[in-house]
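Each chain is listed here by its residues.
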Amino acid sequence: MVHQNFKNAFLYAFLTPATIIALSGCNLNIGKTSITEFTSNGDRVKPKSSSTPKPATPTPKPATPTPVPATPTPAANPVSLNTPTLEASGNRIRLTVSLNGQPSSSQPITGFKIERAFNDGAYSVVQTNFKPSQFFPYAEYYDDLLPSGAYRYRVSLLSLGTVIATTTGSVTLSGRVFYISPGGSDGTGQGLSPSSPLKTLAYFADHFKLAAGDMIRFEGGVTHNLPEKFLIATWSNVYGNGTATNPIVFTSYNSGVAELKCEKCERVFEIRDMSHVQFTHLKFSGSVNGLVAIISSLASFQGVRFFHVETDGATSTPGSPNIVFDSTQATVLGPAPTQTHFIDDVEVAFSSIRNAGNGTGNSDGIRVEVVRSKAHIHHNAFYGNSGESIDVSGGLNHVIEYNTIDCAGATNAGGSKAHGQYYPLANVIYRFNLIRRCMTFGLALEDSKNGQVVHNTIDNGVQGYGAILLSGKNRPQEILGNVIKNNIFIGSGTGEAPIRIVFRDYATDLKGAFSNEVIQQIPYAWEVNGAFDFNSNIIFTSGYKWRVKFSNASDTGESLQTFPDGVDGKQVPVTIDATDWNSRWISRHSKDLWGMPSFTSSQNGNYSLTGSSIGNQDGELIVNIPFEDLAGHILYSKQVSRGAFSY
């Protein structure tokens, strides 16, 4: 569920891979210091004998030693805070801050102190010692109902009441706030105060032009029935762009979440060619063909965010995604584009995505079609979507993490698919996701290279095609460099296996549609130890163990051969047999465990491992993995377990 009480709330989530640091143990205690003492014995030199005694030579005073300054023992990997990111819109500031360093169990992080200064005033404390329930590499904080002006923030990281790191940042809040309520009134002077809201978006669109930093607030706890789809397009000379510091924000006011509903609309909201726009603390429902569309039609743009949003596609037609990032020709509001356009840097977090396409007809929860780089989809709950809950096509450096996906057995339902059939795909990270009860693949990484699939738990039981699909099918060279470790793969249906690996015959492919590409030729495609790193996973099945498929360019006519260990596959003209398979593949992955792990209560969706479970605290260490599991347990190096949860 979306968090409704969001004023002054901390939430945590991962950023892009470049900012993620594994936190695994440190000691900031300064060791005892000492100064080496230098002394003199002060002996006098005895005079030589003589009839005429010579005067004694005075013994020189010992030199005063120069003190050697103490050298403090350096702190091991001290914790610090990066400069905060501040986004100012309307009368709200959103602050996020990320950590550097490695806190340890001996010096736990116990809270955050936040101070705020207005204009040239002094700092005052707005959060004394906030104790979040979970820790992630960035902290999200909403400071609401603020007057316009310049703001400075000072954020301190606390350990047992002691400040161990501090960071500061500043931002100017200058945007306007517009209020809309079903009980409001359309007319001159309305809409600029919660006591005098507008009634309809239609009046707002006819009389106002948005600018960077503006905020539109819908009354929370009520349903706003829209008479038609609300469309925003920068090139329509109606709306402007936001900026990274001052995004345009659609959100709620008062208690509860505002529901935006349009029962006869193709969609509820559509954004075209508009940078830096955010939706927060809203619910979208009731449309015919999907709910929200972010479309590149005449320009490339960036910075679209969904935070704490609910989408319910229970009335949508089959095939309709709840949220789609797409590209299309503008046939109504402008001329067709002259070149391909893309979207960059999108984020969907802390949201509930349910019942896409009314649970039927291959309907995706989130469909990401033309995001060129940095799609970050994290900490969302997906339920009952047919099709993929998360479908990503092409792009670079996407991160999909900390999501719970319950397909609930919906028709054609799959967990998440990232594929590069249409646009090249690389550097995708899947981690700490829980995927269950899917009818197709739980997770598919197709035609994608240099990615990571780590610490996921996928349970398809006795249904579905399999827990994971790895494919070098349409772009066979793109199978290289992927890492698949510390996962739990359970499944699947009759005639299938928890793991399927598909290769297209490279020799045929060179004559096909991709003949103009440089194809990485793998003479024996199943000898994939150089292609990807598959190890330290837990695998359970009551049928086939692996299924490997080799196909020609048209994906027809392949002859599958079944082997005693449950492996099938054939590549023309070379036929693999059980001996080849065991020696070339299975023996290379000796750290995999075969068996059902002991879960706390998987039937109720609790996939945390019990103390006696296989794979508990014996996962392979991976550089720069997050320092927390899906349940928020801190992971130090000795506590890494397989799957999305530790013990």
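As a reminder, the structure under discussion sits directly above these lines.
Analysis parameters
- Residues numbered from 1 in each chain as written.
- Predicted model: local features only at pLDDT ≥ 70, side-chain atom pairs only at ≥ 80, totals over all residues.
- Heavy atoms only, no water.
- Pairing = 2+ DSSP bridges.
- Helix = DSSP H or I, 4+ residues; strand = E, 2+ residues; numbered from the N terminus.
- Axes fitted to C-alpha atoms, helices over the stretch in contact; angles between N-to-C directions.
- Buried < 20%, exposed > 50% of the residue type's maximum accessible area, 1.4 Å probe, protein only.
- Right-handed = clockwise from strand over helix to strand, strands pointing away.
- Salt bridge = Lys/Arg side-chain N within 4 Å of Asp/Glu carboxyl O.
- Polar contact = N/O pair within 3.5 Å; in protein donor to acceptor, adjacent residues only side chain to side chain.
- Contact = heavy atoms within 4.5 Å.
- 1 Å grid on protein atoms, 1.4 Å probe; cavity = no way out; pocket = protein on both sides within 12 Å on 5 of 7 lines; lining within 4 Å.
- Points joined across faces, edges and corners; volume = space filled by probe spheres on them.
- Nonpolar A, V, L, I, M, F, W, Y, C, P; charged D, E, K, R; others polar.
- Core = buried A, V, L, I, M, F, W, Y, C linked by side-chain atoms within 4.5 Å.

A.B. asks: Go over the sheet that holds strand β5 (residues 111-118) with me, naming the residues and quoting the values.
C.D. replies: Reading across the sheet, the 4 strands line up as β6-β5-β8-β9 and stay open at both edges, with antiparallel pairing between neighbours. Since the sheet does not close on itself, it has two edges, and those belong to β6 (124-130) and β9 (162-173), each with one partner. Pairwise comparison of adjacent strand axes, ignoring direction, gives a mean angle of 15° for this sheet. Taken together, the 4 bridges between β5 and β6 define a ladder with antiparallel strand orientation. Among the inter-strand pairings, I114 is bridged to a residue of β6, identified as Q127.

A.B. asks: Can you tell me about the pairing of strand β11 (residues 215-219), naming the residues and giving the values?
C.D. replies: Taking burial as the measure, the 5 residues of β11 include 4 buried ones, the bulk of the element. Direction of pairing for strand β10 (residues 177-180) relative to β11: parallel, over a ladder of 4 bridges. Opposite Y179, over in β11, you have R217 as the bridge partner. For the crossover that starts at β10, traverses helix α1 (residues 201-207) and ends in the parallel β11, the hand is right-handed. As judged from the 5 bridges shared by β11 and strand β14 (residues 248-253), these two strands associate in the parallel manner. Counterpart to M215 in the pairing with β14 is V249.

A.B. asks: Pulling in residues and values, what's your account of the pattern of salt bridges?
C.D. replies: Considering all chains together, one arrives at 22 salt bridges under this definition. Where R642 meets D618, a salt bridge forms, and the shortest distance between an N and an O atom there is 3.2 Å. Here R642, found in the segment after β47 (606-609), pairs with D618, found in the segment after β47; they are 24 residues apart in sequence, far enough to count as distant. Accessibility expressed as a relative area gives 36% for D618, which makes it partly exposed. Beyond isolated ion pairs, a larger network of salt bridges with shared partners links E266, R267, E270 and R272.

A.B. asks: Outline the side chain of N616, supporting the account with residue identities and numerical values.
C.D. replies: For N616, the position within the fold is in the segment after β47. A polar contact is formed between the side chain of N616 and the side chain of S641, at a distance of 3.3 Å. Those residues within four positions of N616 in sequence are excluded, and the remaining contacts are L609, T610, G611, S641 and Y647.

A.B. asks: Now, about empty space enclosed by the protein: what can you tell me, with residues and values included?
C.D. replies: A complete count under the given rule lists 2 cavities of 30 Å³ or more for this structure. Within this model, the second largest cavity holds a volume of roughly 60 Å³. Around the second largest cavity, the lining residues are E87, S89, R92, I93, R94, Y142, M215, P247, V249 and Q278. Counting only elements with at least two residues in the lining of the second largest cavity, the list comes to β3 (85-89) and β4 (92-100). Broken down by element, the residue count for the lining of the second largest cavity peaks at 3 residues, all from β4. Within the lining of the second largest cavity, the residues separate by chemical class into 5 nonpolar, 2 polar and 3 charged.

A.B. asks: Now, about the nonpolar core: what can you tell me, with residues and values included?
C.D. replies: In terms of nonpolar packing, the biggest core is built from 75 residues, with F250, F269 and F325 touching the most fellow members. Excluding its chain neighbours within four sequence positions, the residues that come into contact with F269 are L201, F218, L226, F230, F250, L260, F279, F284, L291, V292 and A293. Listed in part, the 22 residues of the second largest apolar core include L81, L86, I164 and L173.

This is a description of form; function is not addressed.
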